[in-house]
Every structure is written in structure tokens, then in C-alpha cells.
Amino acid sequence: MDIKIQQTKNNSEEIKDVDYKLEVISGPMDGLIYYLKNDIITIGRDETNDFQLSLDLTIGRKHAKIIKENGEYWIEDQNSTNGTYINNQKIKSKEKLTEDIIFMIGLTEIQFIKTI
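Predicted model, so just to flag it, every value in this text is computed and none were measured.

Rules and cut-offs
- Residues numbered from 1 in each chain as written.
- Predicted model: local features only at pLDDT ≥ 70, side-chain atom pairs only at ≥ 80, totals over all residues.
- Heavy atoms only, no water.
- Salt bridge = Lys/Arg side-chain N within 4 Å of Asp/Glu carboxyl O.
- Helix = DSSP H or I, 4+ residues; strand = E, 2+ residues; numbered from the N terminus.
- Buried < 20%, exposed > 50% of the residue type's maximum accessible area, 1.4 Å probe, protein only.
- Core = buried A, V, L, I, M, F, W, Y, C linked by side-chain atoms within 4.5 Å.
- Contact = heavy atoms within 4.5 Å.
- Pairing = 2+ DSSP bridges.

Asker: Just checking my understanding: could you explain the pattern of salt bridges for this structure?
Answerer: Side chains carrying opposite charge are able to pair once their charged atoms draw close together. Following the criterion strictly, the structure yields 3 salt bridges and no others. Between Lys65 and Glu76 there is a salt bridge, with its nearest N and O atoms 3.9 Å apart. With a gap of 11 residues between them, Lys65 in strand S6 (residues 64–69) and Glu76 in strand S7 (residues 72–77) connect regions that are remote in the sequence. Using a relative accessible area of 23% as the deciding quantity, one classes Glu76 as partly exposed. Notably, a salt bridge pairs Glu69 with Lys94, separated by 2.7 Å at the nearest N-O pair. Taken together, the residues span a long stretch of sequence, with Glu69 in strand S6 and Lys94 in the loop between strand S9 (89–90) and strand S10 (95–97) at a distance of 25 residues. Assessed through its relative accessible area of 32%, Glu69 is described here as partly exposed.

Okay, structure coming up:
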């Protein structure tokens, strides 16, 4: 059964105006979707994160963040224990996210997807 869980505080009208979303494609929260509405999105297990991934215990409480700068999105690890990976390479500084790129934090693979 393919279930899509939407984690968002946005209503559907606001979601229509969002250019990108994150979708968990592998891991304990497979199918979870988060629409990128803000210029800074925090990712981690802690409930204070914008994109909360509480079921993957290999993810840090404050694991990573995504930053929108000049219309481009960047991902930055927040000194997590297990790191953030793009193409099996641990990122050392902020890295640009391009359409359909897949990044990994803990055991969770997340795809960066254009919505419009």
C-alpha cells in the first residue's frame, strides 16, 4: 500500500505557490512529504524542526538545514554525528540542491523535487 503522509502547517492553497518539496523515498518515514515554504528549513528528530523525522534514530535532533538564497536551495549539515550525504559523499560545507537530487541523513533518503 502506497501512503503519502504530508507534514505541513500550510493549507492547500499556500502549497500551490511552493516551488519545491522534500519527499522521503527510503527509510522509516517513507512517503513523508514536506513543502518548502520558508527560506530556512530545519531537519531532524526533534519536534521543533520544520521537517521532523522522529522515527529514524540515526538522525540527530538538529541534523541539517536547507537554506534558500537568491532563489537557490542549499543544504548544510549541523555538525551531526552521522553526517549528511549527497551521492555517497559526506558534505563538508553547504551544498547546492538541484532538481531531483537525493540526499541521505541517517537511514533516510530524501529527494528534492520541483513542484511547478
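Asker: Before we go on, may I ask you to explain the nonpolar core in this structure?
Answerer: The tendency in soluble globular proteins is for nonpolar side chains to be buried as a group. Formed by 24 residues in total, the largest nonpolar core has its most connected members in Leu22, Phe51, Leu53, Ile66, Leu97 and Phe103. Contributions of two or more residues to this core are made by strand S2 (20–26), strand S3 (32–35), strand S4 (40–44), S6, S7, strand S11 (102–105) and strand S12 (108–114). In terms of residue count, the dominant contributor to this core is S2 (3 residues).

Asker: Sorry if this is basic, but what is going on with the environment of Leu107 here?
Answerer: Counting through the fold element by element, Leu107 comes out in the loop between S11 and S12. Sequence separation between Leu107 and Met29 is 78 residues, and the spatial gap between their C-alpha atoms is 9.9 Å. Other than its neighbours up to four places away in sequence, Leu107 contacts Ser26, Gly27, Asp56 and Thr58.

Asker: Please clarify how the sheet that holds S10 should be interpreted in this entry.
Answerer: Where strands meet in a sheet, backbone hydrogen bonds hold them as pairs that are either parallel or antiparallel. Spatially, S5-S4-S6-S7-S10 is the arrangement adopted by the 5 strands of the open sheet, whose pairing is mixed. In the strand order of this sheet, the two ends are held by strand S5 (51–52) and S10, each with one partner. Pairing analysis gives 6 bridges linking S6 to S7, with the strands arranged antiparallel. Across the sheet, residue Lys65 finds its bridge partner in S7, namely Glu76.

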